[in-house]
Structures are given as C-alpha cells and as structure tokens.
Amino acid sequence: MLSAPSPQSDFQALYAEHHSWLLHWLKRRLHDAGLAGDLAQDTFLKIFLARSSAGIAQPRPFLATIAKRLLANHCRREELERAYLDALRHQPQACAPSPEAMSILLESLQRIDRALDQLSAKARAAFLLAHLDGMSYAEIAAELGTTTHSVKKYLSKANLLCFFAVPDFAAP
C-alpha cells in the first residue's frame, strides 16, 4: 500500500524543482544576486511556515507572486528607512538622535510595517492616510469609497496592531 506524500516531502520537491528557476528569475529582474538569493529563500520560507506546498497547481506563477510581494515589502521598508534618514539629515545636529535611538526607531518602523501587512488594503490605506497625510475620517472615507464608521473600525484595528507591534523600550 502506497502512502500519501508528506507535507515535508512536498515542500522538498517544490524547493528542489523550482529554487534555481526562482533565483534566476529574481536575478534577471533585480540585478542584485544577494537580494535575489534572500528573496528566493524568504519565498520558500513563507511557503514552509504556511505548510501549504501540497497541491500547488502552477508552482512558478505561485512562487513569482510571493516573491513579488516580498520584494514590494522590501522596497517599502527601504523607502521608509530612506525617508527617516533623510528627515534626520535635515535636523539640527543637537536634535539628532543617538545611534542607539536611531536603531530602535528603525526597528520600530519595521515592526509597524510588518503589523500593517496583516491588515486589509483598505485598513492599511486608512492608517497611512490618517497618520502620514493627516486626513480626517470623512476625507479618508471619501478617498476609500467607504463610510466613516468603517474608517473608524480600520483605524482602531490598525492602531492596536501597531501599538502591540512595538515593544516598550523604556521599560526596565
């Protein structure tokens, strides 16, 4: 009697059959072998952690989609970091944070970014429009084509996620 393949063997087969293809695909697009290697590994790690490698009908488009999303997240984090560092360059030297404070702030921004990834597109957009653009609930509702009640729910959830994403570094 034959046994069904295990999730681990499904993952191993997926990795063995498609890792080199994905790595090559990423290198052609990024022209950065190091980043391509990191994204390829992160793509497979995401699948492994989700335990969802069985039954993938079209592995290459599936892998490419995950890799594109990871790349978008990477670019967004880099853009956040560049914007923060640029803002710091425009501060008077006396107001500039210490290297330790900068490290904590950048880590906090990355944690917030990861927390925002857990939200729906509208909730994430509402959070960014409120906190980065300073828009009111009514303005956000009009922009997103929703109600102010929905905006309030989106922001409550997003704010709570972000609050718990960043540890209290000042605690003893």
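Here the structure is shown first, and the text comes after it.
Just so you know, these numbers come straight off a predicted model, no measurement behind them.

## A closer look at helix α5 (residues 121-131)
The α-helix advances 3.6 residues per turn, and as a result positions three or four apart in sequence lie on the same side.
Then, in step 1: Among the residues making up α5, those that are buried are Ala-123, Ala-126, Phe-127, Leu-129 and Ala-130.
Then, in step 2: Lining the buried residues of α5 we find α4 (99-116), α6 (137-144) and α7 (148-165).

## As for unusual backbone geometry
Then, in step 1: A positive phi is found at His-31, a non-glycine position, where the angle reads about 55 degrees.
Then, in step 2: Tracing the chain through its elements places His-31 in the loop between α1 (7-30) and α2 (33-50).

## Digging into a nonpolar patch on the surface
Then, in step 1: Together, Leu-45, Phe-48 and Leu-49 give the surface a local cluster of nonpolar side chains, amounting to about 300 Å² of exposed area.
Then, in step 2: Accessibility expressed as a relative area gives 41% for Phe-48, which makes it partly exposed.

## Quick word on α6
Then, in step 1: Restricting attention to buried positions, one finds in α6 the residues Ile-140, Ala-141 and Leu-144. Viewed along the axis of α6, the buried residues span an arc of 100 degrees, placing them on a single side of the element. Turned more than 90 degrees off the buried face of α6, the exposed positions are Ala-142 and Glu-143.
Then, in step 2: Those residues of α6 that are buried are in contact with α5 and α7.

## Here we look at the packing of helix α3 (residues 59-89) against α4
Then, in step 1: At their nearest, the axes of α3 and α4 sit 10 Å apart, and the two run at 145 degrees to each other. For the pair α3 and α4, the crossing hand works out as right-handed. Listed contacts from α4 to Asn-73, Arg-76, Arg-77, Leu-80, Glu-81, Tyr-84, Leu-85 and Leu-88 of α3 are Met-102, Leu-105, Leu-106, Leu-109, Gln-110, Asp-113 and Arg-114.

## Some points on the pattern of salt bridges
Then, in step 1: As enumerated under the stated definition, the model contains four salt bridges in all.
Then, in step 2: Measuring nitrogen to oxygen at the nearest pair gives 2.4 Å for the salt bridge that ties Asp-117 to Arg-76. Separated by 41 residues along the polypeptide, Asp-117 in the loop between α4 and α5 and Arg-76 in helix α3 bring together distant segments of the chain.
Then, in step 3: Its relative accessible area of 30% is what places Asp-117 among the partly exposed residues.
Then, in step 4: On the basis of relative accessibility, which here comes to 29%, the residue Arg-76 falls in the partly exposed class.
Then, in step 5: One salt-bridge network, held together by shared partners, links Arg-76, Asp-113 and Asp-117.

Reading the values: the criteria
- Residues numbered from 1 in each chain as written.
- Predicted model: local features only at pLDDT ≥ 70, side-chain atom pairs only at ≥ 80, totals over all residues.
- Heavy atoms only, no water.
- Buried < 20%, exposed > 50% of the residue type's maximum accessible area, 1.4 Å probe, protein only.
- Helix = DSSP H or I, 4+ residues; strand = E, 2+ residues; numbered from the N terminus.
- Contact = heavy atoms within 4.5 Å.
- Patch = residues over 30% accessible without salt bridge, like charges linked within 9 Å, V, L, I, M, F, W, Y side chains within 5 Å.
- Areas by Shrake-Rupley, 256 points an atom, 1.4 Å probe, with all protein chains shown as cover.
- Salt bridge = Lys/Arg side-chain N within 4 Å of Asp/Glu carboxyl O.
- Arc of directions from axis to C-beta.
- Axes fitted to C-alpha atoms, helices over the stretch in contact; angles between N-to-C directions.
- Left-handed = near helix turned anticlockwise from the far one by under 90°.

Note that every value here comes from positions in space, so none of it alone points to a role or purpose.
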